[in-house]
Amino acid sequence: MDEKHRGRVTRDGIRIHETADFAGMHKAGRLAAEILDSLSAHVYPGQTTAAIDQMIEDQVTAAGAKSATIGYKGYQHASCISVNHVVCHGIPGEKVLKDGDILNIDVTVIVDGWYGDTSRMFVAGKLSRKTERLIEVTHDSLMIGIEAVKPGNTFGDIGHAIQSFVERQRMSVVRDFCGHGLGRVFHAPPNVLHYGRAGSGPVLEEGMFFTIEPMVNLGRPETKILADDWTAVTRDKSLSAQFEHSVGVTATGCEIFTLSPAGRFHPTYG
């Protein structure tokens, strides 16, 4: 059944999926997570982001899946790899990683028509205490946002939970990018803001699928887009981190589709 015929759509344009659809999202999310799991041993000083992206493309192909990003609005890579002060949408290339670099790797695959979208942080070499804290806060902000996902809460509750936590740590939440609905499409309503007012926005309902993907900066929240029309960086050149899960709202809370099978979602765990 096509996405346009599946389930119903709320007045805010958000698709309500059927219970059977959760299995497809789990399968796609697991592949994306497994690919990221496999990269831990390949992120090190001297490695290039192009080489990492090629590993990702090869694994997508070997799994019989498709990359959602290759060909998307002209993009030609199987991942976005965002290093240090790059907030998101970093383009893989011949950049050589240095000791202490941090990087977000974002992968989206299509499995049997379903989209699995996730990103996490990696570290090349030794992690500084300042950078470790940024990664920790960003990871925890995502999990705090996910805790707010249950029927009857609002999308504003998710953003408020993330923003309140991050700003208590004297860091900032990026406003220029947000999470999004997904399912049998890459991007769909709603926009999932990582800041906001509790009780605002659409009400969460069982069957909604979307990403939560907070970007957190050590400095100010403002970003700018580079001349390649993709790469977003912090305006003040402060370090930035991001974690992303795809989730589905259940009757009592939510399911995370992109859990790491190897327990490697956080770079200093496992």
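Residues numbered from 1 in each chain as written. Predicted model: local features only at pLDDT ≥ 70, side-chain atom pairs only at ≥ 80, totals over all residues. Heavy atoms only, no water.

Draft legend 1. Inspection of the sheet that holds strand β8 (residues 172-173) at higher detail. Strands sit in the order β8-β12-β15 across an open sheet of three strands; the sheet is antiparallel. The open sheet has two edge strands, β8 and β15 (240-242), and neither has a second partner. Across two bridges, the pairing between β8 and strand β12 (residues 215-217) is antiparallel. Residue pairing for β12: V173 is matched across the bridge by V216. (Pairing = 2+ DSSP bridges. Helix = DSSP H or I, 4+ residues; strand = E, 2+ residues; numbered from the N terminus.)

Draft legend 2. Representation of the packing of helix α3 (residues 129-147) against helix α4 (residues 155-168) within the structure. The contact between α3 and α4 brings their axes to 8 Å, and the two run at 150 degrees. In this view, α3 runs roughly antiparallel relative to α4, as classed from their interaxial angle. Note that α3 runs across α4; the crossing there is right-handed. Along the contact surface, α3 presents V137, D140, S141, I144 and G145, while α4 presents I158, A161, I162, F165 and V166. Of the residues contributing to the contact of α3 with α4, the split by class is seven nonpolar, two polar and one charged. (Axes fitted to C-alpha atoms, helices over the stretch in contact; angles between N-to-C directions. Parallel < 35°, antiparallel > 145°, perpendicular 65-115°, else oblique. Left-handed = near helix turned anticlockwise from the far one by under 90°. Contact = heavy atoms within 4.5 Å. Nonpolar A, V, L, I, M, F, W, Y, C, P; charged D, E, K, R; others polar.)

Draft legend 3. Focus on the confidence of the model for the protein. Of all residues in the protein, 97% attain a pLDDT of 70 or more, and the chain-wide mean is 96. The low-confidence segment residues 1-5 (pLDDT under 50) makes eight contacts with residues lying over four places distant or belonging to another chain. (pLDDT = per-residue confidence, 0-100.)

Draft legend 4. The side chain of H245, seen in detail. Relative to the helices and strands, H245 resides in strand β16 (residues 245-249). Polar contacts involving the side chain of H245 include one to the side chain of T258, which spans 2.7 Å. The residues contacting H245, other than those within four sequence positions of it, are D117, T118, L142, M143, I146, F210, T211, I212, I256, T258, L259 and F265. (Polar contact = N/O pair within 3.5 Å; in protein donor to acceptor, adjacent residues only side chain to side chain.)

Draft legend 5. Local environment of α4. Given a rise of 1.5 Å per residue, 14 residues ought to cover 20 Å, and the 20 Å separating the end C-alpha atoms of α4 matches this to within 8%. Judged by how many residues are buried, α4 sits mostly within the fold: 10 of 14 residues are covered. Backbone nitrogen of G156 and a side-chain oxygen of the N-cap are separated by 3.3 Å at the start of α4; the cap is T154. Count one or two residues on from α4 and you reach R170, which has phi positive near 65 degrees. (Expected span 1.5 Å × (residues − 1). Buried < 20%, exposed > 50% of the residue type's maximum accessible area, 1.4 Å probe, protein only.)

Draft legend 6. View of the environment of G199. Here G199 is to be found in the loop between β10 (188-192) and β11 (209-212). Measuring from C-alpha to C-alpha, the distance between G199 and G152 comes to 9.7 Å, with 47 residues separating the pair along the chain. Once residues within four sequence positions are removed from consideration, G199 is found in contact with T154 and D157.

Draft legend 7. Highlighting the side chain of T223. Relative to the helices and strands, T223 resides in strand β13 (residues 223-225). Within the local environment of T223, its side chain forms a polar contact with the side chain of D176, the two groups lying 2.6 Å apart.

Draft legend 8. Up close: the pairing of strand β7 (residues 114-123). Of all 10 residues in β7, 10 are buried, a share of seventy percent or more. Here β7 shows two buried faces, one formed by W114, G116, T118, R120 and F122 and the other by Y115, D117, S119, M121 and V123. Direction of pairing for strand β6 (residues 102-111) relative to β7: antiparallel, over a ladder of 10 bridges. By the bridge assignment, I110 is partnered in β7 with Y115. Taken together, β6 and the strand that follows it, β7, pair antiparallel across an intervening segment of two residues, in which D112 is found at a positive phi of about 55 degrees.

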